[in-house]
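# Close look at the chain arrangement
One-letter residues, chain by chain:
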Amino acid sequence: LKMCSMDLEKLKMSGAGRAMAVLTSGGDAQGMNAAVRAVTRMGIYVGAKVYLIYEGYQGLVDGGGNIKLANWQSVTNIIQLGGTVIGSARCKAFTTREGRLAAAFNLVKKGITNLCVCGGDGSLTGANIFRSEWSSLLAELVQKGRITDTLAKQHDHLNIVGLVGSIDNDFCGTDMTIGADSALHRIMEIIDAIMTTAQRAFSHLNSSVPSRTKGSRLNIIIVAEGAIDINGKPISSTYIKDLVVKRLGYDTRVTVLGHVQRGGTPSAFDRILSTKLGVEAVIALLEASPDTPACVIGLSGNHPVRLPLMECVEMVSHSFLKLIAMNIDTNSGRSFENNWNIYKLLAFQKPAQSESNFSLAILNVGAPAAGMNAAVRSAVRLAISHGHTIYAVHDGFEGLMNGEIDWHDVAGWTGQGGSKLGTKRTLPNKNMEKLLETITKFNISALLVIGGFEGYEGVLQLFEARSHYDELCIPMCVIPATISNNVPGTDFSLGADTAVNAGCDKIKQSASGTKRRVFVVETMGGYCGYLATSTGIAVGADAAYIFEDPFTIHDLKANVEHLTEKMKKDIQRGLVLRNENSHENYTTDFIYRMYSAEGKGIFDCRVNVLGHLQQGGVPSPFDRNFGTKLGVRAIQWISEKLTENYRQGRVFANSPNTACVLGLNKKVISFSPVTDLKAITDFQHRMPKDQWWFHLRPMLKMLAKYQTSFCEYIPSEIEHVTRRSISTDCGF
């Protein structure tokens, strides 16, 4: 479904005169402010009155100054703040009918019949009870003379839409909940700090862990607060410490993270997620009718989906019981099960004792990207556990083999940025003879390439050269790894998430404490506008110029005038992003000078080129986990192809499905033959011809208060939640 300009006008007509409110409830989670901002601005954009309810359900029950009419500036400069600026409180009164009666009275007085609730399953269940009782609550208010019968008829039904804010990621039907990714960032930061400062050894419970016997002085045990043993009894961190000290005699320390996991700046993923879900929540409220069930806006493969609220709540209870029973089957909890199995595989499986007679080469190609090392580590360890011999190739396709790589050679690589193997952009067709010589010398049976567009293009060249060289008739797999996110065959490439976070942090530092200033920031990405667009949404940019969305001098002029008008009022800071190759003539310096000239007397300008800092730094939790999963899946696929294509003492793989890009498409990890991807690739500009994230552009413009059409915005539909629907691995 696509909404065009006429549909936007209809939406505005439906929004005009309507009132909606947003509240945050339960425990706070990073990203809630981004959701509040998106709901508020999108509501105002379509002509509705938007109210902010302070202190959650308690504010709804108390009324008065806790329910305030918002304007555009009410949510300015909150997208990067942790917690929730409108407060969140657990409310015992709302669990009673008397409390809900007071809440209904306070809403009707303001004319509010559309409510967006951001919280956990308890908060959303309470909202659904409130909605189901709405008619009887209004009837009771009429009976008690607190409202008129006419007023009750004017507000005869309440629309409810929920957004799941929970650091636990414990809600069924959505790939991720608001706050979970940011919590992972906090956990990773603390564990990284522990690993770099620890002076004494930590231990696993199992005394036969290979890392201990090989001399590793540091081991980490992570305990979930709800951990239980096979008999259902709680397992505490103190219990584990005492057990390790008593049985193994190792010096052990306990660190309890607690509420620090809820704190800090929200990650880019949570800001973008909250923004997408908040915009969709407003559309869902405007389209709701008395017969529409209360819904939750969730995430399914990069896209918002509308989920029946009670179906989700029931499935949460079902999944919880399953986990308690430790009886996870193929119809529920598959993503959790896959992640758990991968962890056990890499943490506890020992190297195979027998040789498989297969030798695999692993190399990085293109520019460095966070997550490359995580993919190499998991691939090396799984391949060795299968009995394969692994060779590390240094400096991409032009590099030479440097001997076998051992299980322990990749220890600690997951959290390290860049490329430990070294990487170059050189394509194989410039060094074909040398490459063939190396493959023959080391009897290479398969190739794993972890890299960017050059990695994909290089494997395509090798595939097309198979007709001339039998040595290239081996399984070849590409794991996309580039901050540009421009490799066809996948929605996400390793490194892109880390790069967006790095950009957000740099921009936040630059803009901190400034007034009446516009920042013009250049991002990397080649011709691909993913970084500029995603960073723009995450930081609340006023404009993001990219190659895929052509712009003229008239557009630049309109943008300057638009920003000038905003800066004359209460807006204190402006932000303009430009992708490095967005336009041949309208350079970053040109845009900076233009804004500087036109803003004299109103605002001044600063320019910042992010450059290679987006390639560096510690990998984000997403890139670590994603790289680990892709490395495992790549080796599983390669092992399957080696077995299938082994004949008469050698491997001969010549079909298109033996040279593939391994990617995440929507919510499924899949293998796409490089020769099939050729038709959908723009080789001149080094990116796919169609890119899924482009439909986010109208949302960016609307939340910056530009008048735009919905032609590229794809609204969601109801997606029912069943054991079957949640069994697909979301890929994270």
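First, a word on scope: everything that follows refers to the structure included in this document. Values in this document were obtained by computation on a predicted structure and should not be read as measured data.

### Description of the overall build of the protein
Looking only at helices and strands, the protein features 23 helices and 23 strands. Residue burial in the protein is summarised as follows: out of 732 residues, 57% are buried. In the protein, the share of contacts with a sequence separation of at least 24, taken over all contacts with a separation of at least 6, comes to 78%. Put simply, the protein shows about 30400 Å² of open surface, and 51% of that area lies on carbon and sulfur atoms.

### Things to note about the pattern of salt bridges
Counted under the stated rule, the structure contains 24 salt bridges. Here Glu-280 ties to Arg-306 by a salt bridge, and the two come within 2.9 Å at their closest N and O atoms. Linking Glu-280 in helix α11 (residues 268-287) with Arg-306 in strand β7 (residues 303-308), this pair joins segments that are 26 residues apart in sequence. Of the two residues, Glu-280 and Arg-306, both sit in the buried class. Note that Asp-604 and Arg-517 form a salt bridge whose closest N and O atoms lie 3.1 Å from each other. Pair noted here: Asp-604 is in strand β17 (residues 604-609) and Arg-517 is in strand β14 (residues 517-523), with a separation of 87 residues, a long-range link.

### Focus: the nonpolar core
Of all hydrophobic cores here, the largest spans 112 residues; its most connected members are Leu-163 and Leu-448. Counting residues per element, this core draws most heavily on α11, which supplies 12 residues. Filtering out sequence-adjacent residues up to four positions away, Leu-163 remains in contact with Ala-35, Val-39, Cys-116, Val-117, Cys-118, Gly-119, Leu-124, Ile-178, Leu-277, Gly-278, Ala-281 and Ile-297. Residues Leu-60, Ala-152, Ile-160 and Cys-312 belong to the second largest nonpolar core, which totals 44 residues.

### What to know about helix α2 (residues 32-45)
Between the first and last C-alpha of α2 there are 20 Å, a value that for 14 residues agrees with the 20 Å anticipated at 1.5 Å per step. Among the 14 residues that make up α2, 13 are buried, leaving the element largely enclosed by the rest of the structure. With its phi angle positive at about 95°, Gly-47 sits one or two positions after the end of α2.

### Things to note about the pairing of strand β2 (residues 49-53)
Most of β2 sits out of view: four of its five residues are buried. Bridge count between strand β1 (residues 19-24) and β2: four bridges; the pairing is parallel. Residue Val-22 lies in a different strand from β2, and its bridge partner there is Leu-52. The pairing of β2 with strand β3 (residues 67-69) spans three bridges and is classified as antiparallel. Considered in β3, the bridge of Ile-53 is made with Ile-67.

### Describing the packing of aromatic side chains
Scanning the model with the defined rule gives 22 aromatic pairs in all. Taken together, a centroid distance of 4.9 Å and an interplanar angle of 65° make the contact between Tyr-391 and Phe-442 edge-to-face. Of this pair, Tyr-391 sits in strand β9 (residues 389-393) while Phe-442 sits in the loop between α15 (432-441) and β12 (444-451), placing them 51 residues apart in sequence. Residues Tyr-391 and Phe-442 agree in their burial class; the two are buried. Ring geometry for Phe-453 versus Tyr-456: centroids 5.5 Å apart, planes at 75°, classification edge-to-face. Highlighted residues: Phe-453 and Tyr-456, both in helix α16 (residues 453-464), separated by three residues, approximately one helical turn. Of the residues examined, Tyr-456 reaches a relative accessible area of 0% and is grouped as buried. Each member of the aromatic cluster is reached from another via a ring pair, and the members are Phe-269, Phe-492, Tyr-530, Phe-622, Phe-626, Trp-692, Trp-693 and Phe-694.

### Brief notes about the sheet that holds β14
Overall, parallel pairing links the four strands, which are arranged β15-β16-β14-β17 in an open sheet. Only two strands of the sheet have a single neighbouring strand rather than two, namely β15 (543-545) and β17. Looking at each pair of strands side by side, their axes are set apart by 15° on average, direction ignored. Alignment of β14 against strand β16 (residues 573-579), held across seven bridges, turns out to be parallel. Along β16, the bridge assignment pairs Val-521 with Leu-577. Helix-sheet contacts for helix α18 (residues 530-539) involve β14, β15 and β16, and the interaxial angle to β16 is about 165°. Across the sheet, helix α19 (residues 553-568) is in contact with β14, β15 and β16; its angle to β16 comes to roughly 160°.

### Examining the sheet that holds strand β5 (residues 159-164)
The strand order β3-β2-β1-β4-β5-β6-β7 describes an open sheet built from seven strands, whose pairing is mixed. At either end of the open sheet lies a strand with only one pairing partner, and these are β3 and β7. In this sheet, neighbouring strand axes are inclined to one another by 25° on average, regardless of whether the strands run parallel or antiparallel. Alignment of strand β4 (residues 114-119) against β5, held across six bridges, turns out to be parallel. Bridge pairing in β5 places Cys-116 opposite Val-161. Across the sheet, α11 lies against β1, β4, β5, β6 (295-300) and β7, angled at about 140° from β6, the strand it touches most.

### Focus: the pairing of β12
A large share of β12 lies buried, amounting to eight of its eight residues. When strand β8 (residues 359-365) meets β12, the two strands line up parallel, connected through seven bridges. Within β12, the residue paired with Leu-363 across the bridge is Val-449. Bridge count for β12 against strand β13 (residues 476-480) is five bridges, and the pairing is parallel. By the bridge assignment, Val-449 is partnered in β13 with Val-478. On the question of chirality, the crossover connecting β12 to the parallel β13 by way of α16 is right-handed.

### Quick look at unusual backbone geometry
For Asn-443, which is not glycine, the phi dihedral falls at a positive 55°. Look at Lys-705: it is not a glycine, yet its phi comes out positive at around 75°. Note on placement: Lys-705 falls in the segment after α23 (697-703).

Conventions we followed
- Residues numbered from 1 in each chain as written.
- Predicted model: local features only at pLDDT ≥ 70, side-chain atom pairs only at ≥ 80, totals over all residues.
- Heavy atoms only, no water.
- Helix = DSSP H or I, 4+ residues; strand = E, 2+ residues; numbered from the N terminus.
- Buried < 20%, exposed > 50% of the residue type's maximum accessible area, 1.4 Å probe, protein only.
- Contact = heavy atoms within 4.5 Å.
- Areas by Shrake-Rupley, 256 points an atom, 1.4 Å probe, with all protein chains shown as cover.
- Salt bridge = Lys/Arg side-chain N within 4 Å of Asp/Glu carboxyl O.
- Core = buried A, V, L, I, M, F, W, Y, C linked by side-chain atoms within 4.5 Å.
- Expected span 1.5 Å × (residues − 1).
- Pairing = 2+ DSSP bridges.
- Phe/Tyr/Trp six-rings, centres within 6.5 Å; stacked < 30°, edge-to-face > 60°.
- Axes fitted to C-alpha atoms, helices over the stretch in contact; angles between N-to-C directions.
- Right-handed = clockwise from strand over helix to strand, strands pointing away.

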